[in-house]
Amino acid sequence: FEAHYCPDEVAPSDDVATLPTDLVALYRRAHYCVPFQGSETILRIDVRSEMLLKIHRLRGVSCSAYLTAWNPGGRALPLAENIARHHRLLSALRSAGFAWQENEGRSPESNWRETSVLVLGMNEAQARGIGSDFEQNAIVWSGADVTPRLLLLR
């Protein structure tokens, strides 16, 4: 595990969405689930997470990104294609020297679920880059304040 300390951390930006407001609202309400030490915590957009603070401290990082490669641009893909995309994401993270933890993003209102990863030590610019590379509409990123932020990429 190579520690990344987020030296290029920047303040959360005021993204201007070109995405439909109902889709952005769905992303904001989603449950970004993270298993940790035998239990599961749910990261919520714009809500400070003490559990995420514990994870950051344990891993010696000051930031993290919650990413997925599934369903690019919000288009539902077949399971096999999403799994292949997820493996490409893991390969890219491995090549870049990042540590990650597999997770699941869920909708509290429907049966929507996506395999995701919490990437430790990934700064905002890196997270935006990976999200764009995998054609995502948005990503979730947390800095030293351990408050997950929804970052719109489109």
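Residues numbered from 1 in each chain as written. Predicted model: local features only at pLDDT ≥ 70, side-chain atom pairs only at ≥ 80, totals over all residues. Heavy atoms only, no water.

**Student:** Any chance you could explain the nonpolar core here in plain terms?
**Tutor:** Side chains of a nonpolar character, in soluble globular proteins, are inclined to be buried together. In terms of nonpolar packing, the biggest core is built from 21 residues, with Y32, Y66, L118 and L150 touching the most fellow members. Where this core is concerned, the elements lending two or more residues are α1 (21-29), β1 (31-36), α2 (50-59), β5 (113-120), β6 (138-142) and β7 (149-152). Of all hydrophobic cores here, the second largest spans 17 residues; its members include A69, A127, I139 and W141. (Core = buried A, V, L, I, M, F, W, Y, C linked by side-chain atoms within 4.5 Å. Buried < 20%, exposed > 50% of the residue type's maximum accessible area, 1.4 Å probe, protein only. Helix = DSSP H or I, 4+ residues; strand = E, 2+ residues; numbered from the N terminus.)

**Student:** Is there a simple way to think about the packing of aromatic side chains in this case?
**Tutor:** Centre-to-centre distance and the angle between the planes together describe a pair of aromatic rings. Inspection of every chain in the model, using the stated rule, returns 1 aromatic pair. Ring centres of Y32 and Y66 lie 5.3 Å apart, and the angle between their planes is 75°; on these two criteria the pair is classed as edge-to-face. Taken together, the positions of Y32 in strand β1 and Y66 in strand β3 (residues 64-67) put the pair 34 residues apart, joining distant regions of the chain. By the burial criterion, Y32 is buried, and Y66 matches it. (Phe/Tyr/Trp six-rings, centres within 6.5 Å; stacked < 30°, edge-to-face > 60°.)

**Student:** So what exactly am I meant to see when it comes to the environment of T41 here?
**Tutor:** Checked against the element boundaries, T41 lands in strand β2 (residues 39-43). The class of T41 is buried, set by a relative accessible area of 16%. Once the C-alpha coordinates of T41 and L52 are considered, the two residues, 11 residues apart in sequence, prove to be 8.6 Å apart. When near neighbours in sequence (up to four residues on either side) are disregarded, T41 contacts Y32, C33, V34 and M51. (Contact = heavy atoms within 4.5 Å.)

**Student:** Can you help me understand the pairing of β7 in this one?
**Tutor:** In this structure, β6 lies alongside β7, joined through 4 bridges in antiparallel fashion. Of the residues in β7, the one forming a bridge with I139 is L151. Hairpin connection of β6 to β7: 6 residues between the antiparallel strands, including V146 at a positive phi of 45°. (Pairing = 2+ DSSP bridges.)

**Student:** So what exactly am I meant to see when it comes to the confidence of the model for the chain here?
**Tutor:** A low pLDDT score tells you not to read the predicted coordinates there in detail. On average, residues of the chain carry a pLDDT of 89, and 89% of them reach 70 or more. A low-confidence stretch, residues 1-5 (pLDDT under 50), is modelled with 13 contacts involving residues beyond four sequence positions or located in other chains. Residue range residues 9-14 is modelled with pLDDT below 50. Its contacts to residues more than four positions away, or to other chains, number 12 contacts. (pLDDT = per-residue confidence, 0-100.)

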